[in-house]
2 protein chains.
Amino acid sequence: MKFLLFTFVGVVHLFSLNSGKAIYKNDISRRTFQEIKEEIARYKDVAKAIINLAVYGKAQNRSYERLALLVDTVGPRPSGSKSLEKAIQIMYRNLQEDGLENVHLEPVKIPHWERGEESAVMLEPRVHKMAILGLGSSIGTPPEGITAEVLVVTSFEELQRRAPEARGKIVVYNQPYVNYSKTVQYRVQGAVEAAKVGALASLIRSVASFSIYSPHTGIQEYQDGVPKIPTACITVEDAEMISRMASRGNRIVIQLKMGAKNYPDADSFNTVAEIIGSKYPEQVVLVSGHLDSWDVGQGAMDDGGGAFISWEALSLIKDLGLRPKRTLRLVLWTAEEQGGIGGFQYYQLHKVNISNYSLVMESDEGTFLPSGLQFTGSEKARAIMEEVMRLLQPVNVTQVFRTGEGTDINFWIQAGVPGASLVDDLYKYFSFHHSHGDTMTVMDPKQMNVAAAVWAVVSYVIADMEEMLPRS
Amino acid sequence: MKFLLFTFVGVVHLFSLNSGKAIYKNDISRRTFQEIKEEIARYKDVAKAIINLAVYGKAQNRSYERLALLVDTVGPRPSGSKSLEKAIQIMYRNLQEDGLENVHLEPVKIPHWERGEESAVMLEPRVHKMAILGLGSSIGTPPEGITAEVLVVTSFEELQRRAPEARGKIVVYNQPYVNYSKTVQYRVQGAVEAAKVGALASLIRSVASFSIYSPHTGIQEYQDGVPKIPTACITVEDAEMISRMASRGNRIVIQLKMGAKNYPDADSFNTVAEIIGSKYPEQVVLVSGHLDSWDVGQGAMDDGGGAFISWEALSLIKDLGLRPKRTLRLVLWTAEEQGGIGGFQYYQLHKVNISNYSLVMESDEGTFLPSGLQFTGSEKARAIMEEVMRLLQPVNVTQVFRTGEGTDINFWIQAGVPGASLVDDLYKYFSFHHSHGDTMTVMDPKQMNVAAAVWAVVSYVIADMEEMLPRS
């Protein structure tokens, strides 16, 4: 999961959002809300059957086991890597063998960045080997590295104030962790802001809710006209220590070596499978997660879990012999971590059919025990979602929060399509996010069972109701 | 903090515990318990003054700030290292400058082990660089490393059962974490048990309550007559993955390289300072923590915190112009992590005066917000400790648990001297213990203030009461 603040702005300019207000079908309901409530209540037995199969029945732990097999076999799956290619091929086969329909791959050109060998050593005031993770798209250093004095700041404002001190230095950001979406700007823009004031490199405190000396990587963005400087994340622990040292007046010198390299774009694919709708096959409820990951850990949580509960949703529905009126479409996105490249490509290709999209769903913030859904849509659609979530009373996951989001589905949501995402323990999520710790050890099969049940019930019922979700 | 199960057994054999039943002074109280309660209650104002100074007054955050300065300056302080030597010299000066009395160093010969460069790479079923930490006292591998197939077991029992499969392999222990004292036997004895069945090396799942792909080091012990094989801890994550792979029938091959080396014993010191008793200067209440640490992180938690709240206890008492009847002795142990080497040496040197020791205290399980004290002693002594802990009602730390312990004070406790240790959040403690994550980031100045207040009130009151704590 990558935060999209900046990319978003780009999207708004690239596309006319008016297209999102296009006419769509089946919206003008003549039915009263009471009638809709009754329609939803009739899915109680179906919901129970899905829950029983997922949580207590023979499908229990299946999404966990399937995920473990994939990520143990191929490891992390960064954009442009052989392992991502391998994962896509395996998933293509898996989805076919699972008996899903219209299994196919949609080509996408994706970035290819490799971190290479990297190291950072504090030379003054004492020698200390630092754990780092270079940031996606960063250039490398010269082979001999960059050795320079450090300027520590806690904010962009402090960097501006102390701009004259930054020239020729390595800027260390020791920004406090507020929340991911607020704090991630330092990872994304830290290098550009440091380069503007003449720094040679920037090291950013990892954007993490908790640390055991764990560096966290992620994408960063250069700006046209601003010199490109190497940039990496350091641990919360080292950022705090460097800050303490600086406050005591210590001169701090760091040697940074990064073998990072950007290669030409690589060929990749979004992986698609369906249960084709019985009555409105051209209409779609989209369930999704991304198959790519960062190059550390196993990408089990981000976003193996989201991808595999999405597959599991279709498997559960198929296993129960159900076929909704609308098409349930599973998409496993590629190169989400590079800025939603697969999601963007899919939107460009399919937006002509936007009026056929009833709901877009993405799980990319963990598949721990969910507390409910985040949802963006009209108030009428929200009221419907709240009724649907009542069907999940047996697993006690009934809440509907604001705001539905996901890097790959935001394009649709911005264009007016209702969107939903799964809500769980974000403190836990951002403890492991983009770190070596994103492995199967974080995942809990029982929690994934519940998450898959929620995903399946919501996607099935919305796909099967008489009418599409109403838009604003 | 090192668990002492095995060393303990050794100690029991080395010393006659009967000496613990030696006669000691001032024990046979003619006073009723009511009179003792009243005596303790009269310390209410003194306790309040200590708490106010430590928690709200000008001493607040002092132990944290002092600790940060030391560990940022010298870094981790493994047995036999220059940084431990430097830390001892700094502390000697600090204690003198603080105006404490009888500041001196007591020589100790300590082990000197260095990990050197180390790495582990899984070669089959897929290439994966593994985080490891070699274990203290382990030998290294040949320079080309040891490359061998893996046998994974979850217990010593399973290893016995599968002994014929172990020859020529690397044994990986994926034992579940029960608690530290139960689970640490795999770290301490894993190499010996694997060597007995012909293994070439052993890799042990880190003994940790929580992990973000964090390896945890610690001491291990070879046995006479059993071949020495290299041994290291791997992460919980890798141990679990290897276990999953093995259960799927994968052949797993690992290449292990360790540059670990044992050097001749080094010269070191226990660091001692006192507030000399006004009435019974020969009688002692000992407060302590250890100054050495493992060679990763900063040794801030294990046991910088314990050492520095012990120093702080004396500082607070001195700052208030208090002088107890008995001598308050601060000892900062050396080479605790190698098996309580400094503590053992001190016991050997001072046990002739065992009858003069009223109470031995060590804090070596964290200085987070304490919930109380662990205590070992007679029931009468326990009743007195419970009364003393009532004085800490203002900071809500009043509980007295069983059992007081600490690697360096266990010698005394086994010999019959009452012993106390601080109780706090062990789950948190064992998340960071012996890992790169043991840094100042884990420490909380406010929590250290409270811990120091507890330490100061207890040591002062016990040192100042009319009579020594009664023994069994």
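Here the residue index of a chain counts from 1 through its sequence in written order. Chains and ligands are labelled sequentially in the order written, the chains with letters from A and the ligands with numbers from 1. In view of the model being predicted, local features appear only for residues whose pLDDT reaches at least 70, and side-chain atom pairs are presented and counted only at 80 or more, with totals across whole chains, interfaces and linings using the full set of residues. With hydrogens and water set aside, each side-chain value is computed from the structure's full complement of heavy atoms.

Naming follows an unreviewed UniProt entry, where chain A appears as Carboxypeptidase Q of Neovison vison. Quoted verbatim from the Function (unreviewed entry) field of UniProt, the annotation for chain A is "Carboxypeptidase that may play an important role in the hydrolysis of circulating peptides. Catalyzes the hydrolysis of dipeptides with unsubstituted terminals into amino acids. May play a role in the liberation of thyroxine hormone from its thyroglobulin (Tg) precursor." UniProt positions are given in the numbering used here, feature names are shortened, and annotations may be inferred rather than shown by experiment. What UniProt states about chain A under its Subunit (unreviewed entry) heading is, verbatim, "Homodimer. The monomeric form is inactive while the homodimer is active."

A. Just the overall build of chain A, in detail. When helices and strands are tallied, chain A shows 15 helices and 16 strands. This radius of gyration counts C-alpha atoms alone. The globule rule is 2.2 Å times how many residues there are, raised to the power 0.38. Relative to its length of 472 residues, chain A is compact, with a C-alpha radius of gyration of 23 Å against a globular reference of 23 Å. Principal-axis analysis of the C-alpha atoms gives chain A an extent of 70 × 45 × 40 Å. Within chain A, the fraction of its 472 residues that count as buried is 64%. In this description, contact between two residues means that some pair of their heavy atoms is separated by no more than 4.5 Å. Taking contacts inside chain A between residues at least 6 apart in sequence as the whole, the part at least 24 apart equals 83%. Methods summary: accessible areas were calculated by the Shrake-Rupley approach with a probe of 1.4 Å, and residue burial reflects only the protein chains presented. Of the accessible surface of chain A, which amounts to about 16,900 Å², a share of 53% is contributed by carbon and sulfur atoms. A residue counts as positive if it is Lys or Arg and as negative if it is Asp or Glu; His and the chain ends are not included. For this purpose, a charge sits on NZ of Lys, CZ of Arg, CG of Asp or CD of Glu. Looking at chain A, you have 48 positive and 54 negative side-chain charges, and the mean spots of the two groups are 2 Å apart. Numbering of helices and strands starts at the N terminus; helices are DSSP runs of H or I of at least 4 residues and strands are runs of E of at least 2. Only protein chains enter the accessibility calculation, which uses a 1.4 Å probe; a residue is then buried when its area is under 20% of its type maximum, exposed when over 50%, and partly exposed in between.

B. Representation of the UniProt feature "domain: Peptidase M28" (unreviewed entry) in chain A. Listed under "domain: Peptidase M28" (unreviewed entry) in the UniProt record, and renumbered for this structure, are residues 270-456 of chain A. In residues 270-456 of chain A, the share of helix is 35% and the share of strand is 24%. The end C-alpha atoms are 21 Å apart.

C. The sheet that holds strand β10 (residues 261-275) of chain A, seen in detail. Residues and elements named next belong to chain A. Strands pair, by our definition, only if DSSP identifies at least two bridges between them. Here we have eight strands laid out as an open sheet, ordered β1-β10-β12-β11-β13-β16-β14-β15, and mixed in their pairing. The outermost strands of the open sheet, each flanked by one partner alone, are β1 (101-114) and β15 (399-401). Each strand of the sheet is rotated relative to its neighbour by a mean of 25°, with strand direction disregarded. Bridge count between strand β11 (residues 280-290) and strand β13 (residues 357-362): five bridges; the pairing is parallel. Within β13, the position partnered with Val287 by the bridge is Met361. Axes, fitted as lines to C-alpha atoms, cover a helix only where it is in contact. Angles between the N-to-C directions of the axes lie from 0 to 180 degrees. Here helix α10 (residues 300-319) sits on the sheet and contacts β10, β11, β12 (326-333) and β16 (419-423); the angle it forms with β11, its principal contact strand, is near 145°.

D. Layout of the relation of the copies chain A and chain B. Residues reaching a pLDDT of at least 70 in both copies supply the C-alpha atoms on which the copies are superposed by least squares. Aligned on chain B, chain A shows an RMSD of 0.0 Å; the corresponding rotation is 180° and the shift along the axis is 0.0 Å. Such values leave the two copies arranged in the relation of a two-fold axis. Taking the C-alpha atom as reference, chain A places A:Ile212 closest to the rotation axis, 3.1 Å from it. In this assembly, 100% of the residues forming the interface of chain A have copies in chain B that are likewise at the interface, indicating an isologous arrangement.

E. Examining the interface of chain A and chain B more closely. Each partner contributes residues to the interface: chain A has 33 residues there, and chain B has 33 residues. Summed over both partners, the accessible area (1.4 Å probe) lost when two parts come together is defined as the buried area. Taken together, both faces of the contact between chain A and chain B bury some 2,400 Å²; the carbon and sulfur share is 57%. Contact with chain B buries surface across chain A, with A:Asp72, A:Arg126 and A:Ile212 losing the most and accounting together for 27% of the total. By definition here, a salt bridge exists when the distance from a side-chain nitrogen of Lys or Arg to a carboxyl oxygen of Asp or Glu is within 4 Å. Connecting chain A to chain B are six salt bridges. Close ionic contact of A:Lys129 with B:Glu117 constitutes a salt bridge, the shortest N to O distance being 3.9 Å. Residue assignment for the side of chain A that touches chain B shows that the elements contributing at least two residues are α4 (62-74), α9 (236-247) and α14 (426-432) of chain A. With seven residues, α4(A) is the largest single contributor of residues to the side of chain A that touches chain B. Of the residues contributing to the side of chain A that touches chain B, the split by class is 14 nonpolar, eleven polar and eight charged. Basically, the charged four are Asp, Glu, Lys and Arg, the nonpolar ten are Ala, Val, Leu, Ile, Met, Phe, Trp, Tyr, Cys and Pro, and anything else, Gly included, counts as polar.

F. Spatial organisation of the sheet that holds strand β6 (residues 170-173) of chain A. All names here are of chain A. One open sheet holds the eight strands; their spatial order is β3-β2-β9-β5-β6-β7-β8-β4, and the pairing between them is mixed. Edge positions in the open sheet fall to β3 (128-130) and β4 (132-134), since each of these has one partner strand only. Ignoring strand direction, the axes of neighbouring strands in this sheet form an average angle of 30°. Against the sheet, helix α8 (residues 180-196) makes contact with β6, β7 (201-205) and β8 (231-234), and its axis sits at roughly 155° relative to β7, the strand it touches most.

G. Fine view of the side chain of A:Ser315. Residues and elements named next belong to chain A. Among the secondary structure elements, Ser315 is positioned in helix α10. Throughout this description, a polar contact denotes any pair of N or O atoms lying within 3.5 Å of each other; where both atoms belong to protein, one of them has to be capable of donating a hydrogen while the other can accept it, and for residues adjacent in sequence the pair is counted only when both atoms sit in side chains. Separated by 3.1 Å, the side chains of Ser315 and Arg66 make a polar contact. Those residues in contact with Ser315, other than ones at most four positions away along the chain, are Arg62, Arg66 and Asp98.

H. Main features of the pattern of salt bridges. Tallying each qualifying case throughout the model produces 56 salt bridges over all chains. Put simply, A:Arg251 and A:Glu124 hold a salt bridge, and the shortest N to O gap is 3.2 Å. Residue A:Arg251 is located in the loop between α9 and β9 (253-258), and its partner A:Glu124 is located in strand β2 (residues 118-124); the two are separated by 127 residues in the primary sequence. Looking at A:Arg251, the relative accessible area reads 45%, which means it is partly exposed. By relative accessible area, A:Glu124 is classed as partly exposed at 32%. Among the salt bridges present, the one from B:Asp319 reaches B:Lys318, with a minimum N-O distance of 2.8 Å. The exposure class assigned to B:Asp319 is partly exposed, which follows from its relative accessible area of 35%. Overall, B:Lys318 belongs to the partly exposed group, its relative accessible area being 25%. Each of the salt bridges in this network shares a partner with another, and the network as a whole consists of A:Arg62, A:Arg66, A:Asp98, A:Glu312, A:Lys318 and A:Asp319.

I. The arrangement of the confidence of the model for chain A in detail. Residues and elements named next belong to chain A. How sure the predictor is of each residue is captured by pLDDT, a score from 0 to 100. Mean pLDDT over chain A works out to 94, with 94% of the residues at or above the 70 mark. The low-confidence segment residues 3-28 (pLDDT under 50) makes 51 contacts with residues lying over four places distant or belonging to another chain. Here the prediction assigns the complex a pTM of 0.93, and the interface score ipTM is 0.93.

J. Geometry of the nonpolar core. A:Leu359, A:Val458, A:Ile462, B:Leu359, B:Val458 and B:Ile462 are the most contacted members of the largest nonpolar core, which totals 182 residues. Those residues in contact with A:Val458 that sit more than four places away from it in its chain are A:Leu359, A:Met361, A:Leu373, A:Met385, A:Val388, A:Met389 and A:Leu392. Residue types Ala, Val, Leu, Ile, Met, Phe, Trp, Tyr and Cys, when buried and joined through side-chain atoms within 4.5 Å, form a set referred to as a nonpolar core.

K. Here's a closer look at α8(A). Residue and element names in this part refer to chain A. A helix is expected to span 1.5 Å for every residue after the first. Taking 1.5 Å per residue as the helical rise, α8 with its 17 residues ought to reach 24 Å, and the 24 Å between its terminal C-alpha atoms agrees with that figure. Most of α8 is tucked away: 13 of the 17 residues are buried. Once α8 finishes, Gly198 follows within two positions and takes phi at roughly 90°, a positive value.

L. Layout of the packing of α4(A) against α10(A). Residues and elements named next belong to chain A. Contact pair α4 / α10: the axes reach a minimum separation of 9 Å and the direction vectors enclose 130°. Taken together, the axes of α4 and α10 are oblique relative to one another. Where α4 crosses over α10, the handedness of that crossing is right-handed. Facing α4, whose interface residues are Arg62, Ser63, Arg66, Leu67, Leu70 and Val71, α10 presents Ala300, Gly304, Gly305, Phe308, Ile309, Trp311, Glu312, Ser315, Leu316 and Asp319. Classifying every residue of the contact of α4 with α10 gives eight nonpolar, four polar and four charged. Here the angle decides the label: under 35 degrees means roughly parallel, over 145 means roughly antiparallel, 65 to 115 means roughly perpendicular, and every other value means oblique. What makes a crossing left-handed is the near helix being turned counterclockwise from the far one by less than a right angle; a clockwise turn instead makes it right-handed.

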